[in-house]
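# Breakdown of the fold
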Number of protein chains: 4
Amino acid sequence: MMETLIVEKRKAKLKNPILVTGLPGIGLVGQVVCKYLITKMGGKKLADVYSPHFPHQVLMTKKGAIRPIKNMIFTIKAGKRDIILLVGDVQAITSEGQYEVAGKLLDYAYSLGARDVVSIGGYSTGKLSDKRKVFGVVTHKHLVTDLKKVGVVFGEAKGAIVGAAGLLPALAKIKGMKGICIMGETHGSYVDAVSARNVINVLEKLLGFTVDLSDLEKQAKEGEKIIKKIEEEVQKQTIAPYQSEKKDVSYIR
Amino acid sequence: MMETLIVEKRKAKLKNPILVTGLPGIGLVGQVVCKYLITKMGGKKLADVYSPHFPHQVLMTKKGAIRPIKNMIFTIKAGKRDIILLVGDVQAITSEGQYEVAGKLLDYAYSLGARDVVSIGGYSTGKLSDKRKVFGVVTHKHLVTDLKKVGVVFGEAKGAIVGAAGLLPALAKIKGMKGICIMGETHGSYVDAVSARNVINVLEKLLGFTVDLSDLEKQAKEGEKIIKKIEEEVQKQTIAPYQSEKKDVSYIR
Amino acid sequence: MMETLIVEKRKAKLKNPILVTGLPGIGLVGQVVCKYLITKMGGKKLADVYSPHFPHQVLMTKKGAIRPIKNMIFTIKAGKRDIILLVGDVQAITSEGQYEVAGKLLDYAYSLGARDVVSIGGYSTGKLSDKRKVFGVVTHKHLVTDLKKVGVVFGEAKGAIVGAAGLLPALAKIKGMKGICIMGETHGSYVDAVSARNVINVLEKLLGFTVDLSDLEKQAKEGEKIIKKIEEEVQKQTIAPYQSEKKDVSYIR
Amino acid sequence: MMETLIVEKRKAKLKNPILVTGLPGIGLVGQVVCKYLITKMGGKKLADVYSPHFPHQVLMTKKGAIRPIKNMIFTIKAGKRDIILLVGDVQAITSEGQYEVAGKLLDYAYSLGARDVVSIGGYSTGKLSDKRKVFGVVTHKHLVTDLKKVGVVFGEAKGAIVGAAGLLPALAKIKGMKGICIMGETHGSYVDAVSARNVINVLEKLLGFTVDLSDLEKQAKEGEKIIKKIEEEVQKQTIAPYQSEKKDVSYIR
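One structure accompanies this document, and this report is about it. Every chain's residues receive numbers from 1 upward, in the order its sequence appears when written. Lettering of chains starts at A and numbering of ligands starts at 1, both following the order in which they are written. Whole-chain, interface and lining totals are the exception, using all residues; otherwise, since this is a predicted model, local features are given only for residues with pLDDT of at least 70 and side-chain atom pairs are given and counted only at 80 or more. Computation of side-chain values: all heavy atoms of the structure, hydrogens and water removed.

Helix and strand assignments come from DSSP, with helices taken as H or I runs of at least 4 residues and strands as E runs of at least 2, each series counted from the N terminus. When its secondary structure is counted, chain A shows six helices and eleven strands. Along the first, second and third principal axes, the C-alpha atoms of chain A reach 80 × 45 × 35 Å. Residue burial is assigned from relative accessible area. The probe radius is 1.4 Å, only protein chains are included, and a residue is buried under 20% of its type maximum, exposed over 50%, and partly exposed in between. Counting the 253 residues in chain A, one finds 53% classified as buried. Computed by Shrake-Rupley with a 1.4 Å probe, the accessible areas treat only the displayed protein chains as cover when residues are assessed. A total of about 11,700 Å² of accessible surface is found on chain A, and carbon and sulfur atoms cover 55% of it. Positive charges come from Lys and Arg, negative ones from Asp and Glu, while His and the chain ends are left out of the count. For the purpose of locating charges, the reference atoms are NZ of Lys, CZ of Arg, CG of Asp and CD of Glu. Averaging the coordinates of the 40 positive side-chain charges in chain A and doing the same for the 25 negative ones gives two points 5 Å apart.

Take the arrangement of the chains next. The contact criterion used is simple: two residues touch if any of their non-hydrogen atoms lie within 4.5 Å. If you take every C-alpha in chain B and every C-alpha in chain C, the smallest gap between them is 14 Å, and the two do not touch. One finds no contact linking chain A with chain D; the least C-alpha distance across the pair is 14 Å.

The subject of this paragraph is the interface of chain D and chain B. Counting residues at the interface gives 30 residues for chain D, matched by 24 residues for chain B. Approximately 2,200 Å² of surface area, both sides summed, lies buried where chain D meets chain B, with 67% of it carried by carbon and sulfur atoms. On the chain D side of the interface with chain B, the three residues burying the most area are Glu 96, Tyr 99 and Ile 174 of chain D, jointly 29% of the side's total. Salt bridge criterion: a side-chain nitrogen from Lys or Arg within 4 Å of a carboxyl oxygen from Asp or Glu. On the surface where chain D and chain B come into contact, there are zero salt bridges. Under the rule applied, a polar contact is a pair of N or O atoms within 3.5 Å (in protein, one hydrogen donor and one hydrogen acceptor; residues adjacent in sequence only if both atoms are side-chain atoms). Our count for the contact surface shared by chain D and chain B stands at nine residue pairs in polar contact (both at pLDDT 80 or more). Within the residue set of the side of chain D that touches chain B, elements represented by two or more residues are α2 (95-111), β9 (134-138), β10 (159-162), α4 (164-174) and β11 (178-186) of chain D. The residue makeup of the side of chain D that touches chain B, split by class, is 17 nonpolar, nine polar and four charged. For two strands to be treated as a pair, DSSP must find at least two bridges joining them. Inspection of the sheet shows strand β4 (residues 57-60) of chain B paired to β10 of chain D by four bridges, in the antiparallel sense. Residue pairing across strands places Gln 57 of chain B opposite Val 162 of chain D, the latter belonging to β10 of chain D. By definition, the buried area sums, over both parts, the 1.4 Å-probe accessible area that each loses when the two are put together. All amino acids are sorted into three groups, where Ala, Val, Leu, Ile, Met, Phe, Trp, Tyr, Cys and Pro are nonpolar, Asp, Glu, Lys and Arg are charged, and the leftover types, Gly among them, are polar.

Attention now goes to the sheet that holds strand β4 (residues 57-60) of chain C. Within the open sheet, the three strands sit side by side as β10(A)-β4(C)-β5(C). Their pairing is antiparallel. A single partner strand is all that each edge strand has here, and the edge strands are β10 (159-162) of chain A together with β5 (66-68) of chain C. Here the average twist between neighbouring strands, direction ignored, is 35 degrees. Sitting on the sheet, helix α4 (residues 164-174) of chain A is in contact with β10 of chain A together with β4 and β5 of chain C, with an inclination near 85 degrees to β5 of chain C. Lines fitted to C-alpha atoms define the axes, with helix axes restricted to the stretch in contact, and inter-axis angles between N-to-C directions lie between 0 and 180 degrees.

Read from one edge to the other, the open sheet built from three strands follows the order β5(A)-β4(A)-β10(B), with strand pairing classed as antiparallel. Two strands lie at the open edges of the sheet, namely β5 (66-68) of chain A together with β10 (159-162) of chain B, each paired on one side alone. On average, each strand axis in the sheet is inclined to that of its neighbour by 35 degrees, with strand direction left out of account. Sheet strands in contact with helix α4 (residues 164-174) of chain B are β4 (57-60) and β5 of chain A together with β10 of chain B, and its direction is about 85 degrees off that of β5 of chain A.

So, about the relation of the copies chain C and chain A. For these two chains of identical sequence, chain C goes onto chain A by a turn of 90 degrees and a shift of 0.1 Å along the axis, with RMSD 0.0 Å. Both chain copies can therefore be described as sitting about a four-fold axis. Here the copies are matched by least squares. The fit uses the C-alpha atoms of residues with pLDDT of at least 70 in both.

Take unusual backbone geometry next. Only a minority of non-glycine residues have a phi that is not negative, and only a minority of peptide bonds are not trans. Backbone geometry places Leu 28 of chain C, a non-glycine residue, at a positive phi of 50 degrees. As for its position among the elements, Leu 28 of chain C is in the loop between β2 (18-21) and α1 (29-40). Classification of Leu 28 of chain C as partly exposed rests on a relative accessible area of 26%. The residue Asn 16 of chain D is not glycine, and still its phi comes out positive at about 40 degrees. With respect to the secondary-structure elements, Asn 16 of chain D resides in the loop between β1 (5-8) and β2 (18-21).

What follows covers the interface of chain C and chain A. Interface size, as often reported, equals the accessible area lost upon joining of the parts. Contacts between the two partners involve 25 residues from chain C, matched on the other side by 30 residues from chain A. Note on chain C versus chain A: buried area summed over both sides is about 2,200 Å², and carbon and sulfur give 67% of it. The largest contributions to the chain C side of the interface with chain A come from His 56, Met 60 and Ile 66 of chain C, which together make up 35% of the buried area. For the pair chain C and chain A, the number of links is nine residue pairs in polar contact (both at pLDDT 80 or more). For the side of chain C that touches chain A, the secondary-structure elements that each account for two or more residues are β1 (5-8), β4 and β5 of chain C.

Set out below in structure tokens:
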């Protein structure tokens, strides 16, 4: 096995499909989004993706099963269009591997009829904003207008995107497809269900579907409590030395 | 030489063969098991395996021979089924290499008629249990029942398996084969003949053969003495500082 | 995508073309030279170059566009000959990648009719010379005479050239082309527009074109002021400890 | 350029040729041997060897020439047999690269009619023996007898050989050739012309040729003087602290 292998479980006939990807990345925003959609919208497994560019490890389950590390492709019916969803355990570990896997995945999505790619990622700010924005970058100018209409913020995200969330839409253009990268604003150190919820809100409007968000909202609320506690602890430990110094000084006076 | 090369020494006609693998790994459990079976059950060399993914070294023997680092495939007759045994000097050194070598080995075993793969590894616990278990993970549920019958413990081993002992059975499933990974419980820092003996006991029942274990038992007894001595020394050196502190304290009292 | 991909934007019919390359390197001399020529001489984009050997990153622009890291090929009309210009974000990140990308680029230039390659690089001296020379190395002896006539200095640059500026002309010879590497003398720690200007002076004479250098001269003057200030600061900080020591000593006396 | 490239300069018709290799390695023994034979026996360049597995550097000469890092193949007439000599700037930098280059070189030598491979290396002992032996390892038992007759010592060299000096003869066997690795005993930290001379003495008897060794003897004598001086300095610096301590102690007494 020297190349990425896509093992199809069934034949799919898809209606104007769009590829939406959520591999593990910053804040696990993409992963949370895509796994939630698969669970709540009846995602059906279409294919397993194995690659020599993934770590040479296999996973053991509690029940005694063993399986290679992999990515998985699901399909869901979302109204006007079918969605091809990409999720997985890992991203490729080398730069060459990232390009090879991304190329194979795009070719496969293209062969299924997809001409649009939306990758979901997190945009790390290192802080815990109350109102977290959803940022976007696109391969074709006219997409900016469409995305602004559904609440995506342009012009604030800048720099480089490392990994599959950037490569997939960017390489899509070379293959004659259109690409969008949607990034949920997030702290970066925590799994961020709030950011994931915001991204799904955008996707609902963009792709014209609705999904029951109550479970994600619950998860987001619980997550926020824990994250805020941890952040307060972190703040205390960072500020403490300065405060105690001040006290010492005041004693002397 | 850019790909793994399997050099066949003879043509083999095998009876319902099963691939059993024991490359160097944790506690050398797999290696000890497979080399012992080859020696005691008249293993016949079938093929040498060379790979650009092995280290770029060659080995010198006392008699002045030189040979590349390699893996080797033997066959043994074990009653109802023939066993294809994989042993070797090393595993591939990169992740891509591990996938490439595993893929080539599985294709070769498949071409010989093998549809079942049993990899032997060690499961490191960091301690020296008196009664060491044999753990299992499988690619197909129904195998759990078969393995429990012959003493394999399920549900205790968890996490990831790194390297060939995991990849071979896990990738086997993709190629239409069934895969089992049998892991002998072991400390992890020592060559463990006791654990190897336990694994052979399982294999005997699973595959319906018997092998004279007296030499391995002897080796296990001697090994255990040495390992226990080393462990005692390690314990002393770890505990010593605390004991001497206590003494000091008692002096003061 | 497992190999470097050259995506042609248009068909070009070129007059005795010569490949001139300026990828990011020492002092960014090559990059400044080639980008300046593209801007001032009406460079027309011919092709984009993508490669799995580039970092697995994509770039975001202020306007919300996303694109893969890439190299670009432009053409400019320069009098008697057409120039094919190579510029880009990066060089390949591994040694194997450097060879693969260089090979693909040379084959492409050859297919366009180019039989001559001039790579532009910087030659780092670690100091800020007032009169910076332009050094050369060539694949064919007779080129030395041509280059000396236009002010290129031979026999002073020595050792190895790392990266594309060396590989492109050196590998060119293997493919039946002639190669020149022109290196602007430079400090090495700063973007050097003075050195770039000197190199363009050489190219003008060598290839028989003229270009308005006023903007580059301006950039060079401003750059020099800043670089000299920084260098003075660096000098002060390096010399300061010794001077203060001397003062202390004189106090004691 | 993704694979090793052998660029033939001329067509060679060789008489029962044998491949002798001397790439850079321990004590540069192999390199000194092969370059000396090429110079003194009228070696004629047959081919240049380029590889993406070599460093991505090119070399500049004093006269202003530029060339890729490479290996080179020469032929010399040595009486009964023709010798194909391999020398070069470097060895491949990765393990995969070493296998690929070695494979290509062996296939090329085979295509020229070579069925025997003698690699020359150094065997590092970390000391400066007066009488330096020549060690050997072989792929076929019967070669031991032939080599013992010409003074090669067997059974003392042990362990692993890293790099081309081991891979070339060891992989030769897989390709239906016979392989010998001849290792000149050497300190390991110095270029060793004495060891090279000893190896040539062996080659003369083994292959039935004679070569004027006076220049190498001269080089060896001069080299020995320098090496011995350096070694004495190293010894002094290592022993000095202990001696000065002793003096201090005697003062106190």
